[in-house]
Amino acid sequence: MRGWIAPARVIDDPITDPAERRGYTWELLIVFSATLGLSGLRSLISLLNALLQPKPLNQQSVALNVQQATVSLLDLLAQLAGVLQLLAWGALGAYLLWRAGIGPRLVGLDRTRPGRDLLAGCGLAALIGIPGLGFYFLTRAIGINLNVVPSALGDTWWRVPVLILSAFGNAWAEESLVVGYLITRLRRFGWGENASLVTAAVLRGSYHLYQGFGGFLGNIVLGLVFGRVWQRFNRLWALVVAHTILDIVSFVGYALLHSVIPGL
């Protein structure tokens, strides 16, 4: 139990050279200013705008996967471009770690345990998904969260494949950057495991602020669980699998069932 609550420091020789520390600091600022940190700022602005509306939060809606062009083929290309951006964000984090001598195996992105990673991801998704859904409905009921529409795409032949790709893209980008890259970098600064974990979890919550306070708090909790699991077992693929499953159930499930189940 102590290993879960107060894990030992992973790196005993943090960066001490001032020039090297400045270099890594600028790297962190640049990476997150161009990726999820910028998304966090935009989410904060979106939430402030929602709070200024005459309607309470639970009477407002926000859609996650929206139409981006009126012509179906162009919309498909725009959706795929969005997925490509997410894949590039995640690859950037993995690449920067690799350039620093931290290869895929050291963060759990190797392909030596696909079966175990899949099973662990499924278990983690079940652990998070059911309570998370209940928490979402609770925060909507008490008025601190918007109504989240997982998909507003039209009924096209490519809708389901694109939603699955989007689910994987989100999972890959977030887990690669916020867990694998950020926590590893903060370790090099001499941060303890708990401080790194909380920082990563708050960042994860920040770019979900557009959903309301429920989305913010719920994703902090998710970030604490995911981050600690990675710190304990060092298998980033398991987190990517779990996140992908959660998003597929949300995106595809809503797209297929919202017209069938009233009030979904």
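Nothing here was measured: the structure is a model prediction, and the numbers come from that model.

Basis of the calculations
Residues numbered from 1 in each chain as written. Predicted model: local features only at pLDDT ≥ 70, side-chain atom pairs only at ≥ 80, totals over all residues. Heavy atoms only, no water. Helix = DSSP H or I, 4+ residues; strand = E, 2+ residues; numbered from the N terminus. Rg over C-alpha atoms; globule rule 2.2 N^0.38 Å. Buried < 20%, exposed > 50% of the residue type's maximum accessible area, 1.4 Å probe, protein only. Contact = heavy atoms within 4.5 Å. Lys, Arg positive; Asp, Glu negative; His and termini not counted. Charge placed at Lys NZ, Arg CZ, Asp CG, Glu CD. Polar contact = N/O pair within 3.5 Å; in protein donor to acceptor, adjacent residues only side chain to side chain. UniProt positions renumbered as here; feature names shortened; annotations may be inferred. Salt bridge = Lys/Arg side-chain N within 4 Å of Asp/Glu carboxyl O. Patch = residues over 30% accessible without salt bridge, like charges linked within 9 Å, V, L, I, M, F, W, Y side chains within 5 Å. Areas by Shrake-Rupley, 256 points an atom, 1.4 Å probe, with all protein chains shown as cover. Phe/Tyr/Trp six-rings, centres within 6.5 Å; stacked < 30°, edge-to-face > 60°.

### So, the overall build of the protein
Scanning the protein from terminus to terminus reveals 10 helices and two strands. Scanning the protein from its N terminus toward the C terminus, one meets helices and strands in the order α-α-α-β-α-α-α-β-α-α-α-α. In terms of C-alpha radius of gyration, the protein reaches 19 Å, essentially the compact-globule figure of 18 Å for 264 residues. Dimensions of the protein, computed from C-alpha atoms along their principal axes, come out at roughly 55 × 35 × 35 Å. Residues counted as buried form 44% of the 264 residues belonging to the protein. Expressed as a percentage of contacts within the protein between residues at least 6 apart in sequence, the contacts between residues at least 24 apart total 80%. Computed over 20 positive and 13 negative side-chain charges, the inter-centroid distance for the protein is 4 Å.

### Focus: the side chain of Ser-151
Tracing the backbone through its elements, the reader meets Ser-151 in strand β2 (residues 147–151). Judged by relative accessible area, Ser-151 falls into the buried class, the value being 6%. Those residues in contact with Ser-151 that lie beyond four places of it in its chain are Asn-65, Leu-163, Phe-251, Tyr-254 and Ala-255.

### Considerations on the side chain of Gln-231
With respect to the secondary-structure elements, Gln-231 resides in helix α9 (residues 213–233). Using a relative accessible area of 12% as the deciding quantity, one classes Gln-231 as buried. For Gln-231, the side chain forms a polar contact with the main-chain oxygen of Glu-193, separated by 3.0 Å. Here the side chain of Gln-231 touches Arg-228 through a polar contact of 2.4 Å, side chain to side chain. Contacts of Gln-231, omitting those with residues within four sequence positions, involve Ile-183, Arg-187, Glu-193 and Leu-197.

### A word on the UniProt feature "transmembrane region" (unreviewed entry) in the protein
Per the UniProt record, "transmembrane region" (unreviewed entry) is found at residues 28–52, 76–98, 118–138, 209–230 and 236–257. Taken end to end, residues 28–52 comprises 92% helix and 0% strand; its first and last C-alpha atoms sit 32 Å apart. From the first C-alpha to the last, residues 118–138 spans 30 Å; its make-up is 100% helix and 0% strand.

### Observations regarding unusual backbone geometry
Peptide bonds are mostly trans, and most non-glycine residues show a negative phi. Backbone geometry places Asn-234, a non-glycine residue, at a positive phi of 60 degrees. Inspection of the secondary structure puts Asn-234 in the loop between α9 and α10 (236–257).

### Things to note about the pattern of salt bridges
Summed over the entire model, instances satisfying the criterion amount to seven salt bridges. Taking the shortest distance from any N to any O, the salt bridge between Arg-185 and Glu-27 comes out at 2.7 Å. Separated by 158 residues along the polypeptide, Arg-185 in helix α7 (residues 159–188) and Glu-27 in helix α2 (residues 18–34) bring together distant segments of the chain. The buried category is assigned to Arg-185, whose relative accessible area is 1%. With its nearest N and O atoms 3.3 Å apart, the salt bridge here joins Asp-155 to Arg-159. Accessibility expressed as a relative area gives 9% for Arg-159, which makes it buried.

### Digging into a nonpolar patch on the surface
Together, Leu-41, Leu-44, Ile-45, Leu-48, Leu-51 and Phe-213 line one region of the surface with nonpolar side chains, adding up to about 530 Å² of accessible area. If you tally residues by element for the nonpolar patch, the top one is helix α3 (residues 36–51), at five residues. Here Leu-44 is to be found in helix α3. In this structure Leu-44 comes out as partly exposed when scored by relative accessible area, which is 37%.

### As for the packing of aromatic side chains
Following the criterion strictly, the structure yields four aromatic pairs and no others. Both rings, one in Phe-32 and one in Tyr-181, keep their centres 5.9 Å apart while their planes meet at 40 degrees; by these two values the pair is tilted. Here Phe-32 is found in helix α2, whereas its partner Tyr-181 is found in helix α7, with 149 residues between them in sequence. A residue is classified by how much of its surface remains accessible, and Phe-32, at 10% relative accessible area, is buried.

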